[in-house]
Amino acid sequence: MREVILSHCEKNFVNKAIDKETRLDGRQLLEARPVNIHFGSNWGCCIVSLGRTKAIAQVSCDIQKPKASRPNEGMLHINVELNPMAAPFFEAGRQSDPSVQINRQLERCLKDSKCIDLESLCIVADKKAWNLRVDINIINHDGNLVDCASIAALAALMHFHRPDVSSSEEEIIIHSFAEKDPLPLTIYHHPVCISFLVFENGNTIMDPTYLEEKVGVAQLTMGINSYRELCSLDFNYLTRTSVADVIPTISNQAANYAAELVSLIKESVRQDVEARYKKEVKNFGRFENCIATDKLTAMFTDKIPIKLSSWGKMDDREDEIMEDQKENEQIIKINKNSAELLLLKGDLFGNGGVNTWQNDSSSDDEEESSDEVVMVEETKTKCHVLDDIELSEDSEEEETQNMTKDDIQT
Amino acid sequence: MEGTEIVEDEGILRPMKCELNHLTMPDGSAMFMQGDTAVVAGIYGPVEARVQKMMYDKASIEVVYTPIKGPPCVDDRMREQIIKETCEAALIATLHPGTAICINVQELQDSGGLLACTVNAACLALINSGLSMKFMIGAVNCMIEKDSQKLILDPDTTQIQEAKATFTFIFDSSKKDLVSCQTTGRFTEKEFLYSFDKCKEASQCVFQFFRSIVTKYATRI
């Protein structure tokens, strides 16, 4: 499905609002939406929601031969998938323009800034190294996908623990989590992407929504770490604006917000990881807490114990079961009334009872005939309606209503 | 555990948690959890169909299943196919000729019974989207334990490792008939029919859950 084009009214409305330094969701121009992070029960799995934009990240690892150019380093792959769930114009399994762009921005922010110690991921130089893969799925699109994806990727990487390995001369043993405690990744600094949007009138906003993204003329994404260091920069523009115009006004705000955001991510990761180390049952910040308990459309159940008939008697009635279930099967397939008939037949079977085939067909006939009766009635009503139309055109509707009532009564 | 007729953790469905309208972009969406297994489903429909897939007499139903990590593999395609065929049976596609109904399912976490969870999430999202259906669909997963030959309903990951065979049955809500089923492992016909019976009984709880969530919000609107 193609993307719906934005109407002029909407465009003008957003532009006018920005002129008056107002945003549709009531934020200040340089204010970001709230960030929520929820972790799954696996290492390196999280859902991040930035306002209504939602992304899921999962880090996975396997052992591969390192690149010939960097024989003593592990590898990091970042893969952003624009799930068709996020918006109807995203297509599944195809690398579209925006997905390549987001992928590249994240690679520059996380990979090229060397925030992850890849050397520690090497097991045997030139032979074996860990290959990390970060999969990010966007599941709801409300603008600013880059920021949401970068927060998700960073949180997942910080949360991820890889299995421990021990290597003797020839072979490598990967220890399961039960044998040896898993190890976290070494992260030198924590870069996040912060996006800004410039409008026609020169106003700049932070963390644009989907609607604003479609109206804006230039988009600036900065990768900044908590030490206020710039890791990547991306400027995408439609009209004549230069980075020099935008950066001075927002760089300070971006650096402050980045520090705030990173401390938020660190804190939520720390809480979850500590709870796992202590093997505590944590009752916040998990997947199930994504579900808002107070919502009318949400629902919880405790465990549902089911007392099934003849539970656990499977062994006792081994011989009987086949017969029983054949009966059961028949009862299931035929509706209630005829099922009763069948049971009677079963009793009569072999005693020279009524022919079952005949019986079946007769019941079928009944059903069919009843169907036919209904059909006849319908055609009758149609005839009547037609007549009525010819006779009096005014009371068409009333007449048909009367007829349907009659139908129901019969 | 032994000695009692009804073993406690056998006849139990894991706790179900659900939120309808979880996402804002899709027409209908649901996040559904069964124990730790979590799935998000989102539905767009009826929307404009691509020319290649357009059918003049009914809506074409597209299903996209996205695994949590890596590109979709053969198993994921199969799951996609099962959801597609099940939803085709449930939806009244002839009401929207020439359009497409897109069902997207995202896996969040797999702790056993993923297919059942996926189908239930898809059904809840369909309910939320307001598309007309002939019946609801509810799936129940069960397994037969290797050593004890016992049937365990809705097993989790640790239990599934002891499984000789696993079954996922999908039922409809009106006639309580089987819509589709998926099995793994080796089993006898007797075991199959036995687990079919039990899952059928358990599916009533799933439908009851669906009904209660709808009544919960429908009575207050």
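Note that the structure is a prediction, hence the values are computed from the model and not measured. (Residues numbered from 1 in each chain as written. Chains lettered and ligands numbered in written order. Predicted model: local features only at pLDDT ≥ 70, side-chain atom pairs only at ≥ 80, totals over all residues. Heavy atoms only, no water.)

Some words on the overall build of chain A
Broken down by element type, chain A carries 9 helices and 16 strands. For chain A, buried positions account for 43% of its 410 residues. Taking all contacts inside chain A whose residues are at least 6 apart in sequence as the whole, residues at least 24 apart take part in 67%. When the accessible area of chain A is evaluated, it comes to approximately 23200 Å², of which 50% is carbon and sulfur surface. (Helix = DSSP H or I, 4+ residues; strand = E, 2+ residues; numbered from the N terminus. Buried < 20%, exposed > 50% of the residue type's maximum accessible area, 1.4 Å probe, protein only. Contact = heavy atoms within 4.5 Å. Areas by Shrake-Rupley, 256 points an atom, 1.4 Å probe, with all protein chains shown as cover.)

As for the UniProt feature "domain: Exoribonuclease phosphorolytic" (unreviewed entry) in chain A
All names here are of chain A. Per the UniProt record, "domain: Exoribonuclease phosphorolytic" (unreviewed entry) is annotated on residues 31-163 and 191-233. Structurally, residues 31-163 comprises 23% helix and 37% strand, and the distance from its first C-alpha atom to its last is 40 Å. In residues 191-233, helix accounts for 14% and strand for 49%; the two terminal C-alpha atoms are 12 Å from one another. (UniProt positions renumbered as here; feature names shortened; annotations may be inferred.)

Here's the deal with the sheet that holds strand S9 (residues 163-172) of chain B
In a beta sheet, neighbouring strands pair by backbone hydrogen bonds and run either parallel or antiparallel. Residue and element names in this part refer to chain B. Taken together, 4 strands build an open sheet; the order of strands is S8-S7-S9-S10 and the sheet is antiparallel. Looking along the sheet, the strands with just one partner apiece sit at the ends: strand S8 (151-153) and strand S10 (178-185). Geometrically, the sheet is characterised by an average inter-axis angle of 20 degrees between neighbouring strands, direction not taken into account. As paired elements, S9 and S10 share 7 bridges and run antiparallel to each other. Looking at S10, one finds that Ile170 is bridged to Ser180. Contacting strand S7 (137-145), S9 and S10, helix H1 (residues 74-90) runs over the sheet at an angle of about 160 degrees to S10. (Pairing = 2+ DSSP bridges. Axes fitted to C-alpha atoms, helices over the stretch in contact; angles between N-to-C directions.)

Brief notes about the environment of Gln161 of chain B
Looking at the secondary structure, you find Gln161 of chain B in the loop between helix H3 (157-160) and S9. On a C-alpha basis, the gap between Gln161 of chain B and Ile127 of chain B in space is 34 Å, while along the polypeptide they are 34 residues apart.

Focus on the pairing of strand S3 (residues 28-34) of chain B
All names here are of chain B. The buried count for S3 comes to 7 of 7 residues, which makes it a mostly enclosed element. In terms of strand pairing, strand S2 (residues 16-20) meets S3 through 5 bridges, oriented antiparallel. Looking at the pairing, Lys17 lines up with Met33 of S3. Two elements, S3 and strand S4 (residues 37-48), share 7 bridges in a ladder whose sense is antiparallel. Within S4, the residue paired with Ser29 across the bridge is Gly42. Here S3 folds back onto S4, and the loop between the two strands holds 2 residues, one of which, Gly35, carries a positive phi near 65 degrees.

Details of the sheet that holds strand S15 (residues 298-300) of chain A
Reading across from one edge, S15(A)-S2(B)-S3(B)-S4(B)-S6(B)-S5(B) is the order of the 6 strands in this open sheet, with mixed pairing throughout. A strand with exactly one partner marks an edge of an open sheet, and here the two such strands are S15 of chain A together with strand S5 (60-66) of chain B. Taken over all neighbouring pairs, the strand axes of this sheet differ in orientation by 15 degrees on average, direction set aside. Where S5 of chain B and strand S6 (residues 99-109) of chain B come together, 7 bridges link them in parallel fashion. Across the sheet, Thr66 of chain B pairs through a bridge with Gln106 of chain B, a residue of S6 of chain B. Against the sheet, helix H2 (residues 114-129) of chain B contacts S2, S3, S4, S5 and S6 of chain B, and its axis sits at roughly 150 degrees relative to S3 of chain B. Relative to the sheet, helix H4 (residues 189-218) of chain B contacts S15 of chain A together with S2 and S3 of chain B, its axis offset from that of S2 of chain B by approximately 40 degrees.

Comments concerning helix H3 (residues 145-159) of chain A
Over its 15 residues, H3 of chain A extends 21 Å from the first C-alpha to the last, a length consistent with the 21 Å expected when each residue adds 1.5 Å. For H3 of chain A, the tally of buried residues reaches 15 of 15 residues, placing the bulk of the element in the interior. (Expected span 1.5 Å × (residues − 1).)

Quick look at the packing of aromatic side chains
On inspection of all chains with the given rule, the structure shows 14 aromatic pairs over all chains. Summarising the aromatic geometry, the rings of Phe89 of chain A and Phe90 of chain A are spaced 5.1 Å apart at their centres and angled 70 degrees between planes, so their arrangement reads as edge-to-face. Ring centres 5.9 Å apart and planes at 10 degrees place the aromatic pair Phe167 of chain B and Phe169 of chain B in the stacked group. Judged on exposure class, the residue Phe167 of chain B and its partner Phe169 of chain B are both buried. One Lys or Arg, Arg276 of chain A, reaches over the ring of Trp43 of chain A and ends 5.3 Å from the middle of that ring. (Phe/Tyr/Trp six-rings, centres within 6.5 Å; stacked < 30°, edge-to-face > 60°. Lys NZ or Arg CZ within 6 Å of the ring centre and 35° of its normal.)

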